[in-house]
Amino acid sequence: MLTSREIRRQFLDFFEQKQHRIVESAPVVAHGDPTLMFINAGMNQFKDVFLGTGTRDYSRAVDTQKCIRVSGKHNDLEEVGYDTYHHTFFEMLGNWSFGDYYKREAIDWSWELLTGVWKLDPERIHATVYRTDDEAYDMWKDHLPESRIHRFDEKDNFWEMGATGPCGPCSELHYDRTPDKNGASLVNADDPRVIEIWNLVFMQYNRLENGDLQSLSTTHVDTGMGFERITAVLQGVNSNYDTDVFQPIISRIAKLSGKSYSSETNDEASVAMRVMADHVRTLAFAIADGAIPGNTGQGYVLRRVLRRASRYARNIGFTTPVLCDLVAILVESMGDVFPEIAEQQHTIERIVKAEEESFLLTLENGLKRIEEMIEAEGQISGANAFLLYDTFGFPFDLTALIARERGIEVDEEGFNEHMQAQKERSRSAQKDQLPGTNRNLHASRTPRNSDSAYRGTGDG
Ligand code: SER
């Protein structure tokens, strides 16, 4: 069986042999792009090349890119733990052409790698194309019968980085894991038996702020393959969490908690272990690249992720910090590929532990209060959601998650009104200060969590 390390290597080698330059992953914390908080795709670091505002001294590139998808246009947070193939942090294997090759090579090489090098069963592969892309459709006919080429619309087959930026029609490869290979109707149906493994984007446009599409001066290729997904496929397991990428972490959690893990069920312990294993990767990689949990922006996204993980850990009996104890095992399995997590292991552990400690101080009481609220009102009002946020440090999405699990409503609109009112109170308190005084010292009580950060902004 191929190890994940070998799979990553083989991807890079394959494209290197096709004259691609192997480049480093960009840091996962987006520095210098106001439209992004975290890197959400391999192409982010090449955005300037696509837009024609930057150049490289190579026209073909290949890499594995660290990605975080926790907010904004590409946000997979809510699926994590409950399904087998979405993550907040993942690696995206990608190959690029900057004004060099286009659809023909992108399609043929993806086929060659999957079926020629990795020997995947061609009968399990489906391709999708953008509904009007006859060119890509015809190219796939050289490899696939028409029953396994599908047309989809913008939602599935037109890829955009964010609200603005490079974009274009795309062609995806899906892998059919149904026993009798009849998964055609499950393509793009959010079903774990047929999952997308690779996306080939044919970059052609720039989406402008007014929504218009502007043609790029030349065409490019941007592909992205889910590393954990292809590893699951090549290792013959149904869940990404059963690969050697996640198993060391899951086993450690199982050992520490004394509970057993099942990949087949969504019992409380197994969901919690998946969430913890996923979230600790986001925390470790983001902190290694310079973000720290806090009240605004990227920091608040990390805080939400940590608190979500912490609450799941509490569900399986951890009442003291535990995420910090998982960093070592992550470093052991990935520290050679991404040395930054090894170099900063102790910093990551210290920051995660301090965050866990501070949240655990209020978590227990917050959970008790939620129970009281549910018992008294059968729902969580906006005022109560705000109280949980302001007094117990519960990000709104944590409250919403608990409410969902309990099958009750939480008033998001009411919560937002309270947030807004608090923001205005704090603004007018600042305005009341005499000119020249230090507003930070004299302002009335500072909100525990800043509103601007409560939801990530237009980020991937
Ligand atoms: N940018 C595309 C994606 O993220 C392909 O790399 O899916």
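Calculation criteria
Residues numbered from 1 in each chain as written. Predicted model: local features only at pLDDT ≥ 70, side-chain atom pairs only at ≥ 80, totals over all residues. Heavy atoms only, no water. Phe/Tyr/Trp six-rings, centres within 6.5 Å; stacked < 30°, edge-to-face > 60°. Helix = DSSP H or I, 4+ residues; strand = E, 2+ residues; numbered from the N terminus. Buried < 20%, exposed > 50% of the residue type's maximum accessible area, 1.4 Å probe, protein only. Lys NZ or Arg CZ within 6 Å of the ring centre and 35° of its normal. pLDDT = per-residue confidence, 0-100. Contact = heavy atoms within 4.5 Å. Core = buried A, V, L, I, M, F, W, Y, C linked by side-chain atoms within 4.5 Å. 1 Å grid on protein atoms, 1.4 Å probe; cavity = no way out; pocket = protein on both sides within 12 Å on 5 of 7 lines; lining within 4 Å. Points joined across faces, edges and corners; volume = space filled by probe spheres on them. Nonpolar A, V, L, I, M, F, W, Y, C, P; charged D, E, K, R; others polar. Salt bridge = Lys/Arg side-chain N within 4 Å of Asp/Glu carboxyl O. Pairing = 2+ DSSP bridges. Near = heavy atom within 4 Å. Polar contact = N/O pair within 3.5 Å; in protein donor to acceptor, adjacent residues only side chain to side chain. Areas by Shrake-Rupley, 256 points an atom, 1.4 Å probe, with all protein chains shown as cover. Sits in = over half its atoms within 2 Å of the grid points. Expected span 1.5 Å × (residues − 1).

A. Geometry of the packing of aromatic side chains. For the structure shown, the criterion picks out 21 aromatic pairs. Aromatic pair Y58 and F98: ring centres 6.4 Å apart, planes at 50°, arrangement tilted. Taken together, the residues span a long stretch of sequence, with Y58 in the loop between α2 (47-51) and β2 (60-68) and F98 in the loop between β5 (89-97) and α3 (103-117) at a distance of 40 residues. When its relative accessible area of 17% is taken as the criterion, Y58 is described as buried. Each ring, one from F396 and one from F415, has its centre 4.7 Å from the other, and the planes form 35°; the classification is tilted. Here the residue F396 occupies a position in helix α14 (residues 396-406), and F415 occupies one in helix α15 (residues 412-431), the gap between them amounting to 19 residues. We classify F396 as buried; its relative accessible area is 4%. By way of ring pairs, the aromatic residues F46, F50, Y58, W96 and F98 are connected into one cluster. The ring of Y137 carries the charged tip of R151 above its face, separated from the ring centre by 4.4 Å.

B. Spatial organisation of the confidence of the model for the chain. Per-residue confidence for the chain gives a mean pLDDT of 91, with 93% of residues at or over 70. Note on residues 434-460: pLDDT is under 50 here. Beyond four places in sequence and across chains, it has 69 contacts.

C. Quick look at the nonpolar core. The biggest cluster of nonpolar side chains holds 120 residues, and the ones touching the most others in it are L114, W140, W198, I230 and F394. Residue contributions to this core peak at 14 residues, all from helix α8 (residues 268-288). Discounting residues that sit within four places of it in the chain, L114 has contacts with K119, L120, I125, L173, I197, W198, M225 and I230. In this structure, I39, M43, M161 and M203 belong to the second largest nonpolar core, which totals 22 residues.

D. Expanded view of helix α10 (residues 327-334). Among all positions of α10, only V327, I329, L330, V331 and M334 are buried. Those residues of α10 hidden inside the fold are in contact with α1 (4-16), β5, α7 (247-257), α8, α11 (339-343) and α12 (345-377).

E. Representation of the layout of surface pockets within the structure. The volume enclosed by the largest pocket comes to roughly 1100 Å³. Taken together, 44 residues form the lining of the largest pocket, with R69, H86, E172, E196 and R229 sitting closest to its centre. Listed by contribution, the elements that provide at least two residues to the lining of the largest pocket are β4 (74-75), β5, α5 (154-157), β8 (158-160), β9 (165-176), β10 (194-207), β11 (213-226) and α6 (227-234). Here the lining of the largest pocket takes seven residues from β10, the largest share from any one element. Here the residues of the lining of the largest pocket are counted per class, giving 16 nonpolar, 12 polar and 16 charged. Every residue lining the second largest pocket is counted, 15 residues in all, and those nearest its centre are L12, E24, T64, V337 and F338. Listed by contribution, the elements that provide at least two residues to the lining of the second largest pocket are α1, β2 and α11.

F. Geometry of the pattern of salt bridges. The full count for this structure, using the stated rule, is 29 salt bridges. Ionic pairing is found between R5 and D336, a salt bridge with its closest N-O pair at 2.7 Å. Of the two residues, R5 sits in helix α1 while D336 sits in the loop between α10 and α11, which places them 331 residues apart along the sequence. For R5, a relative accessible area of 39% gives the class partly exposed. Of the charged contacts in the structure, one is a salt bridge between R281 and E228, with a shortest N-O distance of 3.0 Å. With R281 in helix α8 and E228 in helix α6, this residue pair connects regions lying 53 residues apart in the sequence. Look at the salt bridges and you will find they share partners, linking K66, D289 and E340 into a network.

G. Here's a closer look at the pairing of β2. Taken across its nine residues, β2 has nine buried, putting it largely inside the fold. Pairing between β2 and β5: nine bridges, direction antiparallel. Paired with R60 across the bridge in β5 is S97.

H. Here's a closer look at the site of the ligand. The full set of residues close to the ligand is A41, M43, R69, M92, W159, N199, V201, D222, T223 and G224. R69 is positioned with one of its side-chain polar atoms (N or O) 3.1 Å from an oxygen atom of the ligand. Look at the ligand: alone it shows 230 Å² of surface, and the protein chains cover 96% of it. Under a 2 Å grid-point criterion requiring more than half of the atoms, the pocket assigned to the ligand is the largest pocket. Going through the elements one at a time, β10 and β11 are the ones with two or more residues in the shell around the ligand.

I. A look at the environment of S270. Summarising the element assignment, S270 is placed in helix α8. A relative accessible area of 0% means that S270 is categorised as buried. When the C-alpha atoms of S270 and K259 are compared, they prove to be 8.7 Å apart, with 11 residues separating the residues in sequence. A polar side-chain atom of S270 sits 3.0 Å from the main-chain amide nitrogen of S262.

J. Region of the structure containing helix α9 (residues 297-315). Between its terminal C-alpha atoms α9 stretches 28 Å, which fits the 27 Å expected from 19 residues at 1.5 Å a residue. Burial analysis of α9 places 15 of its 19 residues in the buried class, which makes it a mostly covered element. Just past α9, the residue G317 takes up positive phi, approximately 100°.

K. Summary view of the pairing of β10. With 11 of 14 residues buried, β10 is to be regarded as a mostly interior element. As defined by bridge partners, β9 adjoins β10 across 10 bridges and the pair is classed as antiparallel. Note that in β10 the partner of P166 across the bridge is N206. Examined bridge by bridge, β10 and β11 share nine bridges and lie antiparallel to one another.

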